[in-house]
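Structure assessment
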Amino acid sequence: MLRLGTRKLLDRSFTGLGVLSITLLTAALLILLAPMCLRGIGAYVFQGTVEFRRVLLEKLQRGDRDELKRELAATARARQPVFDALLAFQQELDRMPATQRRKLKPEFEQVRAAVKELLGPLPGEEIPLMMRSQYGQTRWDRAQVKIRKILFAEDYDFSGGGLGRKMLKPRATTFHGTALEPLFAYVEHHAVAMLAPQWTFYGRFLTDESHDAHFFGGIGPEALGTLYLTLGAILFAVPMGVIAAIYLVEYARENRLVRLLRICISTLAGVPSIVFGLFGLAFFINTVHLSANKSVLVGALTLGLLILPTIIRASEEALRAVPEAYKQAALSLGAGHWRSVRTVILPAALPGILTGVIISMGRAAGETAPIIFTAAVSVGKPLTLWQTLSQPTPALPWNIYNLCSEHVAVDEIRHVQYGMVFTLVVLVLLLNLAAIIVRARISKGLRT
Amino acid sequence: MRTGMMNSAKSSLMLSRSANRNQRLTRWFGEGFLLVVTSLSMLAVLFILIFIARDALPFFSWTHFKEFFVSTAWYPTQNPPSFGALSILFGSLLVTLGAALVAIPLGLTAAVCLSDVLPFRVRQTVKPVVEMLAAIPSVAYGFFALIVFAPALQEHGGPMLAWAFWLVVTPFLALTLLVLADLAAARFAENRQSLVRGLVFALLGAMAAWGLWKTGRRLHGLEISSGTNALNAAIILGIMALPTMVSVAEDALQAIGRDLRMASYALGATRAETLVRVVIPAAASGILAAAILAIMRAIGETMVVWMASGNAARIPEPWYNLLEPVRTLTATIAGDMGEADQSAGSAHYHVLFAMALVLLLFSLVCNMISERMIARTRRRLR
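Each chain carries its own residue numbering, running from 1 in the direction its sequence is written. Starting at A for chains and at 1 for ligands, labels are handed out in the order in which the entities are written. This being a predicted model, a pLDDT of at least 70 is required before a residue's local features are given, and a value of 80 or more before pairs of side-chain atoms are given or counted; all residues contribute to the totals for chains, interfaces and linings.

1. Description of unusual backbone geometry
Note the following rule: Strands are runs of DSSP state E lasting at least 2 residues, helices are runs of H or I lasting at least 4, and numbering of each runs from the N terminus.
Looking along the chain, the bond that leaves B:Glu317 and enters B:Pro318 is cis, with omega of -10°. Note that B:Pro318 resides in the loop between helix H12 (303–308) and helix H13 (329–336). The phi angle at A:Ala196 is positive, at roughly 45°, despite the residue not being glycine. Position of A:Ala196 among the secondary structure elements: in the loop between helix H8 (181–195) and strand E4 (198–201).

Right, here's the structure in full:
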């Protein structure tokens with residue numbers, strides 16, 4: 001038998017364990033949300049350079065033309081020494097002895113490429129085809145990365161063995177004594193003048209179309225696609241789910257069929273989401289030919305099936321929570337069964353049903369696996385309502401995956417990825433918050 | 001309005017008085033319509049089973065059933081292709097097991113804490129945390145795993161693991177030692193007990209500390225070659241499965257009721273003893289159901305494992321090495337369906353449906369068991 005002291009200690013440490021697990025839970029949530037929120041806001045609020053304002057004016061016809069012209073003139077003056085240094089070194093390179101030229105030329109090409117990435121095409125150059133090479137860095141944080149790329153060469157130190165350590169080698173020492181040397185100090189100290197960063201609020205990130213594979217512009221088509229899919233799923237699942245719940249609560253007698261129905265509903269809730277996706281492909285597209293290929297309609301139906309059990313359960317609970325007295329009062333006033341359901345019970349249960357619907361909306365908006373084969377594409381234009389019947393759409397969850405694992409330049413568009421995740425998570429959490437508020441109202445309102 | 005009410009009052013009166021055929025027919029049709037709509041979910045389950053099985057069966061008749069479950073050679077696009085899914089099945093199992101190891105103990109303690117330990121007000125603020133964890137979309141978890149967690153794990157994996165190990169194991173070990181010392185001391189005479197207790201505690205404590213230090217150092221020195229591995233996927237999946245575990249287990253614990261707890265307290269048990277010896281055993285089937293549901297959530301999850309598990313179709317070496325990349329069923333389906341010809345019936349297309357069938361049957365069986373468990377708790381409590 002244990003001592004009383006030990007038993008007390010065990011009891012207290014058990015409490016501690018519980019509190020620790022709750023703390024861990026909360027910490028997990030915070031660790032998860034912090035980077036998404038902090039860096040996600042960066043897609044909307046950031047230091048935009050003059051290049052950003054140029055993109056806005058030239059591609060989206062937004063902003064003040066004269067103001068930008070003045071700004072461009074100022075930054076062009078600030079940039080001139082860089083271009084001059086590049087040109088001077090180019091000429092110096094031709095006069096150099098062959099061994100030195102061979103050594104310096106590749107690194108000079110790197111510097112030139114980095115300058116082009118930072119500031120856009122050099123003056124007198126042909127306008128490149130890709131939009132991403134037509135402009136310099138639009139964001140100050142990305143510009144600083146590029147400046148480092150101009151100033152330092154990456155090298156690996158293998159002296160420690162293994163994979164080697166990354167080392168940064170200043171290029172100024174490599175080009176010591178040449179015409180290029182002043183460029184590095186100049187870039188380091190005059191970057192602000194060259195790019196004129198300003199705090200920008202880019203609220204239309206949410207609605208703008210993307211340009212050149214998300215290098216510029218916003219996430220409009222994705223947001224719209226998610227909206228279509230979510231609303232479509234709700235339109236399909238809510239009437240079905242509520243009717244099923246009414247039947248199960250108000251009309252069903254406890255027989256074998258009803259028991260089977262209940263088992264089926266809970267089974268449907270347990271089917272993995274990817275299986276829903278395959279089913280949508282095999283049934284709606286390959287068998288019924290609802291649309292020739294992926295479409296918003298098929299995706300919405302698949303998502304609707306996915307959230308159907310949640311809606312049935314929530315509605316069932318809400319209907320059961322309506323006090324028996326309400327129903328008896330309705331019946332005693334002479335209303336029939338259906339009439340009392342329609343005019344008394346359903347309105348009383350509505351907030352509860354709404355909670356379930358809102359939470360399911362969040363679920364439908366965030367699910368990825370069911371729409372991979374049924375509705376989602378990587379790039380696309382925003383659809384009109386009519387097109388949703390036959391056309392696939394980009395959608396936030398799918399494009400988050402796509403941009404961070406299949407995009408050509410994953411690192412360059414980090415802010416777009418974070419912005420998308422932020423938008424999706426905020427959408428879902430706001431929906432949940434709404435559900436919590438609605439529920440708090442019910443527990444106050446529905447008392448006998 | 002008023003006439004309408006009169007009418008309905010009249011009609012219901014008439015119905016109760018005599019069998020008005022018209023009324024009964026309407027009623028019958030109305031109820032039939034409701035039943036038909038309700039049956040939609042049954043139809044959906046049936047159709048899902050039929051259509052997944054329909055597209056999976058051609059695979060099993062073409063190639064050997066055996067190859068799928070025994071061979072580890074997964075080369076679906078080579079000529080001739082081979083469809084050995086053993087390593088993929090194993091990957092799913094490994095990741096799910098890891099997730100269960102994270103979610104079940106943590107979820108159970110959190111559920112116990114929520115239902116019995118915390119005061120009401122704190123509980124009201126913690127519940128939304130659990131709900132938010134459940135609401136965050138899986139792709140956001142996957143994004144976190146790939147962009148934030150994987151690089152951190154790759155660069156500081158060893159120290160992170162060591163600290164986590166120390167943090168988790170040290171308190172448990174200390175308590176176990178305390179109990180052991182107490183039990184050992186109980187065999188001796190009253191006046192010698194404190195001496196024996198101190199001696200045993202010091203001896204075992206020194207051994208345990210040495211073991212902790214050694215293991216921790218080894219973990220500290222670990223080099224993780226890639227951050228996207230089974231461990232990453234398992235941890236994130238575990239966190240995803242936590243809300244399911246917490247809420248279902250908490251319901252089960254709440255369902256036990258006050259009587260049992262009060263009886264235990266009356267017999268002189270502490271709160272910890274009441275919970276561990278009385279409440280948790282009584283709620284065992286509900287907790288098991290919670291664990292099964294959490295496991296189902298983990299094995300059916302796609303985006304996190306697709307993004308974070310590394311997607312290498314081979315069995316780690318040795319098999320329990322969580323630091324190697326693995327590939328799971330769901331990730332294979334999601335990743336390969338694009339390559340496989342989606343409309344024509346290639347073998348690659350069908351093998352993915354076979355995987356979906358395996359997943360589906362697994363979740364059906366799990367669901368059935370968990371339903372049984374929950375029903376059993378309910379019946380016993382009645």
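2. Considering the domain arrangement of chain A
Which entries qualify depends on this criterion: Here the limits of each domain have been adopted from an automatic or database domain assignment.
Here chain A is partitioned into domain 1 (51–201) and domain 2 (220–445). Placing the centre of domain 1 of chain A and that of domain 2 of chain A at their C-alpha centroids yields a distance of 49 Å.

3. Considerations on the environment of A:Arg79
All names here are of chain A. This is how it is decided: Here contacts are defined at the residue level, using C-beta atoms placed from the backbone and a cut-off of 7 Å between them.
Structurally, arginine 79 can be placed in helix H3 (residues 65–95). For the pair formed by arginine 79 and leucine 17, sequence separation is 62 residues and the distance between their alpha carbons is 61 Å. Dropping the residues within four chain positions of it, arginine 79 is found in contact with Leu119 and Met194.

4. A word on the pairing of strand E3 (residues 165–170) of chain A
Side-chain direction in a regular strand flips from residue to residue, so the side chains alternate between the two faces of the sheet. Residues and elements named next belong to chain A. Spelled out, the test is: With C-beta atoms placed from the backbone, a residue counts as buried when 20 or more other C-beta atoms lie within 10 Å of its own, as exposed when 12 or fewer do, and as partly exposed for counts between those limits. Pairs of strands are assigned from DSSP output, requiring at least two bridges between the strands.
The buried fraction of E3 amounts to zero of the six residues, a small share that puts the element mostly on the outside. The pairing of strand E2 (residues 152–157) with E3 spans six bridges and is antiparallel. Paired with aspartate 155 across the strands is methionine 167, a residue of E3.

5. Observations concerning the interface of chain B and chain A
For the record, the criterion: Lys, Arg, Asp and Glu make up the charged group, whereas Ala, Val, Leu, Ile, Met, Phe, Trp, Tyr, Cys and Pro make up the nonpolar group; the residues left over, Gly among them, are polar.
At the junction of the two partners, chain B supplies 76 residues and chain A supplies 80 residues. With 17 residues, the single largest contributor to the side of chain B that touches chain A is helix H2 (residues 21–62) of chain B. A per-class count over the side of chain B that touches chain A returns 53 nonpolar, 17 polar and six charged.

6. A word on the nonpolar core
The following threshold applies: Note on terminology: a nonpolar core is a set of buried residues of type Ala, Val, Leu, Ile, Met, Phe, Trp, Tyr or Cys, with members joined through C-beta atoms within 7 Å.
The biggest cluster of nonpolar side chains holds 204 residues, and the ones touching the most others in it are B:Ile236 and B:Ala356. The dominant element in this core, judged by the number of residues it contributes, is helix H8 (residues 230–255) of chain B, at 17 residues. Built from parts of two domains, this core gets at least three residues from each of domain 1 (51–201) and domain 2 (220–445) of chain A. The next biggest cluster of nonpolar side chains, apart from the first, holds 22 residues, and it includes A:Val82, A:Phe108, A:Leu118 and A:Leu180.

7. Section: the packing of helix H13 (residues 324–332) of chain A against helix H14 (residues 337–366) of chain A
All names here are of chain A. The condition that has to hold: Between N-to-C directions, angles span 0 to 180 degrees; the directions come from axes that are lines fitted to C-alpha atoms, helices contributing only their stretch in contact. Convention used here: angles under 35 degrees read as roughly parallel, angles over 145 as roughly antiparallel, angles from 65 to 115 as roughly perpendicular, and any remaining angle as oblique. Crossings are classed by handedness, with left-handed meaning an anticlockwise turn of the near helix from the far one by less than a right angle and right-handed meaning a clockwise turn.
Relative orientation of the contacting elements H13 and H14 amounts to 155°, with a least axis distance of 10 Å. When the axes of H13 and H14 are compared, the pair comes out roughly antiparallel. The chirality of how H13 crosses H14 is right-handed. Residues Tyr326, Lys327, Ala330 and Leu331 of H13 touch H14, and the partners they reach there are Ser340, Val344, Ile345 and Ala348. Here the contact of H13 with H14 is composed, by residue class, of six nonpolar, one polar and one charged.

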